[in-house]
Amino acid sequence: MDKLIKILVVSDYNKRVSSRPEAEMFIKLANDPRFRISVMTYPGSYYYGKFRDAGIEVIDFHPDKKLDKKEVEFIRNDIMKKGYDIIHLFNGKAIINGLKAARGLKVKVVLYRGYTGNIHWYDPAAYLKVLSPRVDKVMCNSQSVKDQIDRQLFFDKTKTVVITKGHDHQWYSDIKPADLAEFGIGQDEFVVTTTADGRKMKGTEYLLRAFELMPPGLNIRLLIMGGGEEFIRRFSGRIKNNAGKVIFTGFRKDNLDIMSSCDVFISPSIKGESFQKSVAEAMNLGVCPVITDIPGNEGMVIDKKCGLIIPSRDAVAIKDALLDLYSDRARCREFAKAAKKHISENFSLDKTVDTLAGFYQSLV
């Protein structure tokens, strides 16, 4: 009989949609009798009840500071009391406090890394997280994350493993396409959508520039989901140049309904990404993806088979790709259908859980 593996997960599950791939991963793993899972998270978080229903012990705690003696002591006492085999730490505060708590104990420490970049062997702060000698393994959400960590001097490359947070197509079965007429969009218009994010790494500047370059008189609109005052203020010049072409939804709870009504989802990111959740959502909804060729996007889309891959930092490339899809909507629909199949077959929740289970077993 396999040894029962006791796992402590420390993470934030307050936001339903953003934390779903991770939370559902552990809910499914809890069905496996080889594992006993405990989750340490904020009291009242969205997944609190769902975890308990799945037989997962929920501990009402999450560190609030980057390094706090009492918070470290709380985690350490729990590890010692319950004899966990593995602790899996998913965010900055959990990682720094959890690593400190595990010092001198036999428990295996696993970190999660879902961002490509910002780790340097010469940065002392990196040794409080990913490069800490106390880390046993790093779960990387994509190959690009693993490659970036493995490049650091003196780092043991056997510590990194690629386990992508998969999706379940059933999550999207109740999504109903929204009526875009509320945004003044007609049924015959070709709608490109993206999420509002003012960070430079997201490449929004290039997307807005691409729409400035569009030929006049086309029935093509850019629908930006979100778009608060700060975002609009940051890109006010580009937005003014795109008067009538760009529409903002503002904050909405039905983003997936809106997304499912669009023809294309575009991510113009220029760096940092690692298997983008919003792109995976669009693909699961049968929306044609257009993404940039940055390392973190590798494998998500097969170019010209289930979407388009374009150079990053290139407004002309964005414009040309969107015009190609606009002028051949049948091809766009074919890409969308193929994208749904590709994400379901290659990045499923079941595949993730199987890989994670094997990974945990190999650790103990």
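Note: the structure precedes this text.
Fair warning: this is a prediction, and the values are worked out from it, not measured in the lab. (Residues numbered from 1 in each chain as written. Predicted model: local features only at pLDDT ≥ 70, side-chain atom pairs only at ≥ 80, totals over all residues. Heavy atoms only, no water.)

## Describing the pattern of salt bridges
Tallied over the full model, the rule gives 20 salt bridges. With a shortest N-O distance of 3.2 Å, Asp-136 and Arg-134 are connected by a salt bridge. A relative accessible area of 23% places Asp-136 in the partly exposed class. You can call Arg-134 buried: its relative accessible area is 18%. Ionic pairing is found between Arg-238 and Glu-212, a salt bridge with its closest N-O pair at 3.0 Å. With a gap of 26 residues between them, Arg-238 in helix α8 (residues 236-241) and Glu-212 in helix α6 (residues 204-212) connect regions that are remote in the sequence. When its relative accessible area of 18% is taken as the criterion, Glu-212 is described as buried. By sharing partners, the salt bridges in this structure join Glu-205, Arg-209, Glu-212 and Arg-238 into a single network. (Salt bridge = Lys/Arg side-chain N within 4 Å of Asp/Glu carboxyl O. Buried < 20%, exposed > 50% of the residue type's maximum accessible area, 1.4 Å probe, protein only. Helix = DSSP H or I, 4+ residues; strand = E, 2+ residues; numbered from the N terminus.)

## Here we look at the nonpolar core
By size, the foremost hydrophobic cluster in this structure holds 60 residues, and its most contacted members are Phe-26, Leu-29, Phe-51, Leu-223, Leu-356 and Tyr-360. It is helix α13 (residues 349-363) that provides the largest number of residues to this core, a total of 7 residues. Discounting chain neighbours no more than four positions away, the residues touching Phe-51 are Tyr-13, Ala-23, Ile-27, Val-39, Ile-56 and Val-58. Judged by nonpolar contacts, the second largest core, of 31 residues, contains Ile-239, Val-246, Val-264 and Val-290. (Core = buried A, V, L, I, M, F, W, Y, C linked by side-chain atoms within 4.5 Å. Contact = heavy atoms within 4.5 Å.)

## Description of the layout of surface pockets
Of the voids in this model, the second largest pocket is the one considered here, and its volume is about 200 Å³. In terms of lining, the second largest pocket is formed by Lys-66, Ile-96, Arg-113, Asn-118, Ile-119, Asp-123, Ala-125, Ala-126, Leu-128, Lys-129 and Val-130. The residue makeup of the lining of the second largest pocket, split by class, is 6 nonpolar, 1 polar and 4 charged. (1 Å grid on protein atoms, 1.4 Å probe; cavity = no way out; pocket = protein on both sides within 12 Å on 5 of 7 lines; lining within 4 Å. Points joined across faces, edges and corners; volume = space filled by probe spheres on them. Nonpolar A, V, L, I, M, F, W, Y, C, P; charged D, E, K, R; others polar.)

## Observations regarding a nonpolar patch on the surface
Nonpolar side chains collect at one region of the surface, where Trp-121, Tyr-122, Tyr-127, Leu-153 and Phe-154 lie side by side and expose about 590 Å² of accessible area between them. Tracing the backbone through its elements, the reader meets Phe-154 in the loop between α5 (143-150) and β7 (160-162). A relative accessible area of 75% means that Phe-154 is categorised as exposed. (Patch = residues over 30% accessible without salt bridge, like charges linked within 9 Å, V, L, I, M, F, W, Y side chains within 5 Å. Areas by Shrake-Rupley, 256 points an atom, 1.4 Å probe, with all protein chains shown as cover.)

## Focus: the packing of α6 against helix α11 (residues 315-327)
Two elements in contact, α6 and α11, have axes whose closest approach is 8 Å; the angle formed by their N-to-C orientations is 60°. Of the possible angle classes, the one that applies to α6 and α11 is oblique. When you trace α6 past α11, the crossing you get is right-handed. Here Tyr-206, Leu-207, Arg-209, Ala-210 and Phe-211 of α6 lie close against α11, whose contacting residues are Ala-315, Ile-318, Lys-319 and Leu-322. (Axes fitted to C-alpha atoms, helices over the stretch in contact; angles between N-to-C directions. Parallel < 35°, antiparallel > 145°, perpendicular 65-115°, else oblique. Left-handed = near helix turned anticlockwise from the far one by under 90°.)

## Points about the state of the cysteines
Under the criterion given, the structure shown has 0 disulfides. Summary of cysteine pairing: Cys-306 is not part of a disulfide, and the nearest cysteine sulfur, belonging to Cys-288, is at 8.7 Å. The structure places no disulfide on Cys-332, whose sulfur is separated from the nearest cysteine sulfur, that of Cys-288, by 4.2 Å. Taking the relative accessible area as the measure of exposure, Cys-332 reaches 4% and is therefore buried. (Disulfide = S-S within 2.5 Å.)

## Let's talk about the environment of Ala-280
Along the chain, the position of Ala-280 falls in helix α10 (residues 277-284). A relative accessible area of 0% places Ala-280 in the buried class. For the pair Ala-280 and Leu-349, spaced 69 residues apart in sequence, the C-alpha separation works out to 12 Å. Contact partners of Ala-280, with chain neighbours within four places excluded, come to His-167, Phe-275, Met-300 and Ile-343.

## Thoughts on α10
Along α10, 7 of the 8 residues are buried, which leaves the element largely enclosed by surrounding structure. Of the positions making up α10, those classed as buried are Ser-278, Val-279, Ala-280, Glu-281, Ala-282, Met-283 and Asn-284. Next to the buried residues of α10 lie α1 (16-29), α9 (255-260), β11 (264-267), β12 (288-292) and α12 (329-346). The positive-phi residue at the C-terminal boundary of α10 is Gly-286, with phi of around 75°.

## Topic: the sheet that holds strand β1 (residues 5-10)
The 7 strands are arranged β3-β2-β1-β4-β5-β6-β7 in an open sheet whose pairing can be described as parallel. Only two strands of the sheet have a single neighbouring strand rather than two, namely β3 (57-60) and β7. Neighbour to neighbour, the strand axes of the sheet diverge by 25° on average, direction disregarded. For strand β4 (residues 86-89) and strand β5 (residues 108-113), the ladder comprises 4 bridges, and the chain directions are parallel. Each residue of the ladder has a partner; that of Ile-86, found in β5, is Lys-108. Relative to the sheet, α1 contacts β1, β2 (35-41), β4 and β6 (137-140), its axis offset from that of β2 by approximately 150°. Running over the sheet, helix α3 (residues 69-82) touches β1, β2, β3 and β4 and is turned about 150° from β3. (Pairing = 2+ DSSP bridges.)

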